[in-house]
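Report on the structure
This is what each chain is made of:
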Amino acid sequence: MQLRTLGLALASTALVTTGVAAQEVTLTIESWRNDDLTLWQDEIIPAFEAQHPDIKVEFTPSAPAEYNAVLNSKLDAGSAGDLITCRPFDASLALYDAGHLTDLSDLDAMSNFSDVAKSAWQTDDGAATFCVPMASVIHGFIYNKDAFAELGLEVPTTEGEFFAVLDAIKDDGSYIPMAMGTNDQWEAATMGYNNIGPNYWKGEEGRQALIAGDQKLTDPQWTAPYATLARWGGYLGDGYEAQTYPDSQNIFTLGRAAIYPAGSWEISGFNAQADFEMGAFKPPVQNAGDTCYISDHTDIGIGMNAATDHPEAAKTFLAWVASPEFAEIFGNALPGFFPLSSTPVELEDPLAKEIVGWRDECESTIRSTYQILSRGTPNLENETWGASVAAIKGAATPDELGQQLQDGLASWYEPQQ
């Protein structure tokens, strides 16, 4: 009897074990990075699944411009994926406040990130962190090395040198000095105002002072970048007012423009499309020897849908995203998206290495409008788009633009009243 009982018990255990092994979990990721689909399918997901064969992962992105609306409708309908790719600051904070994202503060792997890296996906008091940081992007200028060599130009470090280079390119006439249009508006603010601006308002010092109400958008350090942008208009080429973002990318990669006001996210696309050697330079400082500041903007993270049916599997995946292994795969497969993990990642792409090296030379900050200051109406981020375009076109003075933005912010933001 005992042997028979033991045999039945073993058979029963085998059945149970087989049943557990057969129960694979499938996790679905929501994202706006539809251009990354192949990277996730060919490199990231296979690396994870090799270590966790019981967890399958599907990457299901939406078009970038539609992501927020698509994601919100899915969340409301209860049909969103298990993992949510997170935009920085207020957009994701709103999802957390609505109960759609889970607090991940107790995830051990969060210790792999600095407080600055986590700040884009935390509550204002820092008590809850709801997305694992993935990468930041850095702003500056990408240039055509062949064009610079042909014209005998040196990389500029000060604003005086920068405009001297632009004048030399314009006078020669072989190239458009700078490829940027104002049709889509956001570039004027993102690759214009928030690219050069940190050198004026001293990065985090100015940004935090604006949030605290200790500085105003009418102060010289906030209006002066508009005066500099007003000088850009003469170097952007004929018809820049109607030029779209893809137009500007094509003008540069086809070799028709010498300089491109950039975000590091351009690197992969430019590598594939340009047949000339590229370099990069930091936003020029006003005077030689000044401390330099760069916009090193926390851009992308990933969190857990609070309504997922597979919280443990989702946390297993998120812990892996927080690992040095993921950082190395992501940082090298997508050069220009710089991992936020505290463990150093050896990057292979020369342009990405050049840009990320600025972190050792300059003080880092994020885009001035992204945290707290764009929660009301009028939205300061969107207003800054229009103001940056107006500055480039010469449609309003820097002081007028500063007053307009200050009035809008003060109308709803108490520390500025």
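Residues numbered from 1 in each chain as written. Predicted model: local features only at pLDDT ≥ 70, side-chain atom pairs only at ≥ 80, totals over all residues. Heavy atoms only, no water.

1. Quick notes on the side chain of T85
Rules: Where helices and strands are cited, they refer to DSSP runs of H or I of at least four residues and of E of at least two residues respectively, numbered from the N terminus. A 1.4 Å probe rolled over the protein chains alone gives each residue an accessible area, and that area as a share of the maximum for its type sets the label: buried under 20%, exposed over 50%, partly exposed in between. Contacts described as polar in this section are N or O atom pairs within 3.5 Å, which, within protein, must combine one atom able to donate a hydrogen with one able to accept it, while residues neighboring in sequence count only if both atoms come from side chains.
Residue placement: T85 occurs in strand β3 (residues 83–86). A relative accessible area of 4% means that T85 is categorised as buried. Within the structure, the side chain of T85 is placed 2.6 Å from the backbone oxygen of E30, a separation counted as a polar contact.

2. Details of the domain arrangement of the chain
As a measure of interface size, the accessible area lost when the parts come together is often cited. Put simply, the test is: Those domain boundaries reflect an automatic or database domain assignment. By the convention used here, residues are in contact when the closest approach between their heavy atoms is within 4.5 Å. Each of two parts loses accessible area, computed with a 1.4 Å probe, when they are put together; buried area is these two losses added. Here, a salt bridge means any side-chain nitrogen of Lys or Arg that lies within 4 Å of a carboxyl oxygen of Asp or Glu. Ten residues, namely Ala, Val, Leu, Ile, Met, Phe, Trp, Tyr, Cys and Pro, are considered nonpolar, four, namely Asp, Glu, Lys and Arg, are considered charged, and the remaining ones, Gly among them, are considered polar.
According to the domain assignment, the chain contains domain 1 (23–135 + 298–349) and domain 2 (138–296 + 367–412). Across the boundary between the two partners, domain 1 contributes 13 residues, which contact 12 residues of domain 2. Here domain 1 and domain 2 share an interface that buries about 1,000 Å² over both sides, 49% of which is from carbon and sulfur atoms. Three residues stand out in domain 1 for area buried against domain 2, namely F89, D90 and F338, and they jointly supply 40% of the buried area on that side. Ionic pairing is found between R375 and D90, a salt bridge with its closest N-O pair at 3.1 Å. Summed over the shared surface of domain 1 and domain 2, the number is 6 residue pairs in polar contact (both at pLDDT 80 or more). Its residues assigned to classes, the side of domain 1 that touches domain 2 shows 7 nonpolar, 3 polar and 3 charged.

3. Considerations on the confidence of the model for the chain
For any part of a model where pLDDT is low, the fine detail of the predicted coordinates should not be relied upon. Where we set the bar: By definition, pLDDT measures how confident the predictor is in each residue, and it falls between 0 and 100.
Per-residue confidence for the chain gives a mean pLDDT of 93, with 95% of residues at or over 70. Across residues 1–22, confidence stays below pLDDT 50; counting only partners more than four residues off in sequence or on other chains, it has 0 contacts.

4. Some remarks on the layout of surface pockets
What counts is decided by this rule: Grid points spaced at 1 Å and placed over the protein atoms alone form the basis of the search, with a cavity being a set where a 1.4 Å probe fits but cannot get out and a pocket an open set showing protein on both sides within 12 Å along at least five of seven lines. Lining residues have an atom within 4 Å of a point. Grid points are joined across faces, edges and corners, and a volume is the space filled by probe spheres set on the points.
As a volume, the largest pocket reaches approximately 1,400 Å³. Lining the largest pocket are 39 residues, and of these W32, R87, W186, D299 and Y370 lie nearest its centre. Secondary-structure elements contributing two or more residues to the lining of the largest pocket are α4 (90–97), α8 (186–196), α12 (245–253), α13 (267–273), β8 (293–304) and α17 (380–393). The class makeup of the residues in the lining of the largest pocket is 16 nonpolar, 13 polar and 10 charged. Approximately 640 Å³ is the volume found for the second largest pocket. S136, D296, P339, L340 and R359 are, among the 31 residues lining the second largest pocket, the residues nearest its centre. For the lining of the second largest pocket, the secondary-structure elements that each account for two or more residues are α5 (115–118), α10 (204–212), β8, α16 (350–356) and β10 (363–365). Here the lining of the second largest pocket takes 4 residues from α10, the largest share from any one element. When the residues that make up the lining of the second largest pocket are grouped by side-chain class, the tally is 12 nonpolar, 12 polar and 7 charged. Counting contributing residues per domain, the lining of the second largest pocket is built from domain 1 (23–135 + 298–349) and domain 2 (138–296 + 367–412), each supplying no fewer than three.

5. Quick notes on the pattern of salt bridges
Considering all chains together, one arrives at 10 salt bridges under this definition. When the shortest N-O distance is used, the salt bridge between E346 and K353 registers 3.8 Å. Owing to a relative accessible area of 56%, E346 belongs among the exposed residues under this scheme. Each of the salt bridges in this network shares a partner with another, and the network as a whole consists of R33, D35 and D36.

6. Some thoughts on the packing of aromatic side chains
Centre distance and the angle of the planes are the two values used to describe a pair of aromatic rings. For the record, the criterion: Aromatic pairing here means that ring centres of Phe, Tyr or Trp (its six-membered ring) are within 6.5 Å. Orientation follows from the plane angle: under 30 degrees is stacked, over 60 is edge-to-face, and everything else is tilted.
Tallied over the entire structure, the rule returns 28 aromatic pairs. With a centroid separation of 5.3 Å and an interplanar angle of 45°, the aromatic rings of Y193 and W201 are classed as tilted. Residue classification places W201 among the buried positions, given a relative accessible area of 1%. When the ring of F317 is compared with that of W320, the centres are 6.1 Å apart and the planes differ by 40°; the resulting orientation is tilted. Of this pair, F317 and W320 both sit in helix α14 (residues 311–321), 3 residues apart, which is roughly one turn of that helix.

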